[in-house]
Amino acid sequence: MALGAQKKQEIIAKFGRQASDTGSSEVQVALLSQRISDLSAHLKHNPKDHSSRLGLLKLVGHRRNLLKYLKRTQHERYLEVIQALGIKNR
């Protein structure tokens, strides 16, 4: 279920501000979004996996908090990120 190193590097290169940027809000949101989509696909095939469902809910909550912070501090960057990831603007 963990992201591969290659996939992580692609996401960091796409959303990072510079090459070594791994901790900015944009990168964290993008990484969480990838993990959320992977877990969602897993849960479609394994509907009784309640521990994964709980992990999914925690990831969604964490991403929501990061997006709220990003919206409050850098609104233009927030709009770019949600458009690139296909997340609804709420």
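Residues numbered from 1 in each chain as written. Predicted model: local features only at pLDDT ≥ 70, side-chain atom pairs only at ≥ 80, totals over all residues. Heavy atoms only, no water.

1. Looking at the packing of helix H3 (residues 50-73) against helix H4 (residues 75-85)
Packing of H3 against H4 brings their axes to within 5 Å, and their N-to-C directions diverge by 135°. Between H3 and H4, the interaxial angle falls into the category oblique. Note on element contacts: H4 touches H3 through His75, Tyr78, Val81 and Ile82, opposite Leu67, Leu70, Lys71 and Thr73. Here the residues of the contact of H3 with H4 are counted per class, giving 5 nonpolar, 2 polar and 1 charged. (Axes fitted to C-alpha atoms, helices over the stretch in contact; angles between N-to-C directions. Helix = DSSP H or I, 4+ residues; strand = E, 2+ residues; numbered from the N terminus. Parallel < 35°, antiparallel > 145°, perpendicular 65-115°, else oblique. Contact = heavy atoms within 4.5 Å. Nonpolar A, V, L, I, M, F, W, Y, C, P; charged D, E, K, R; others polar.)

2. A few points about the side chain of Ser33
Mapped onto the fold, Ser33 is located in helix H2 (residues 25-45). Setting aside residues up to four positions removed in sequence, Ser33 forms contacts with Arg63, Leu85 and Ile87.

3. Looking at the environment of Leu3
When you line up the elements, Leu3 lands in the segment before helix H1 (5-15). Placed 32 residues apart in sequence, Leu3 and Arg35 show a C-alpha to C-alpha distance of 7.1 Å. Beyond its immediate sequence surroundings of up to four residues, Leu3 is in contact with Lys8, Leu31, Gln34, Arg35 and Asp38.

4. Observations regarding the nonpolar core
Formed by 14 residues in total, the largest nonpolar core has its most connected members in Val29, Leu56, Leu59, Leu67, Tyr78, Ile82 and Ile87. The next biggest cluster of nonpolar side chains, apart from the first, holds 7 residues, and it includes Ile11, Phe15, Ala30 and Leu31. (Core = buried A, V, L, I, M, F, W, Y, C linked by side-chain atoms within 4.5 Å. Buried < 20%, exposed > 50% of the residue type's maximum accessible area, 1.4 Å probe, protein only.)

5. Some words on the packing of H2 against H4
For the pair H2 and H4, interaxial distance at closest approach is 11 Å and the crossing angle is 20°. It follows from the interaxial angle that H2 and H4 lie roughly parallel. The crossing of H2 and H4 is right-handed. Every residue of H4 that contacts H2 at Glu26, Val29, Ala30 and Ser33 is listed here: Arg77, Val81 and Leu85. Grouping the amino acids of the contact of H2 with H4 by side-chain chemistry returns 4 nonpolar, 1 polar and 2 charged. (Left-handed = near helix turned anticlockwise from the far one by under 90°.)

6. Concerning H3
End to end, H3 covers 35 Å across 24 residues, agreeing with the expected 34 Å (1.5 Å per residue, within 8%). The inward-facing, buried residues of H3 abut H2 and H4. (Expected span 1.5 Å × (residues − 1).)

7. What to know about the pattern of salt bridges
Applying the stated rule across the entire model yields 3 salt bridges. Put simply, Arg17 and Glu26 hold a salt bridge, and the shortest N to O gap is 3.2 Å. Salt-bridge contacts for Glu26 lead to Arg77; the nearest nitrogen and oxygen are separated by 3.1 Å. A residue pair is termed long-range when its members are at least 10 positions apart, and Glu26 in helix H2 and Arg77 in helix H4 qualify at 51 residues. Through salt bridges that share partners, Arg17, Glu26, Arg77 and Glu80 make up one connected network. (Salt bridge = Lys/Arg side-chain N within 4 Å of Asp/Glu carboxyl O.)

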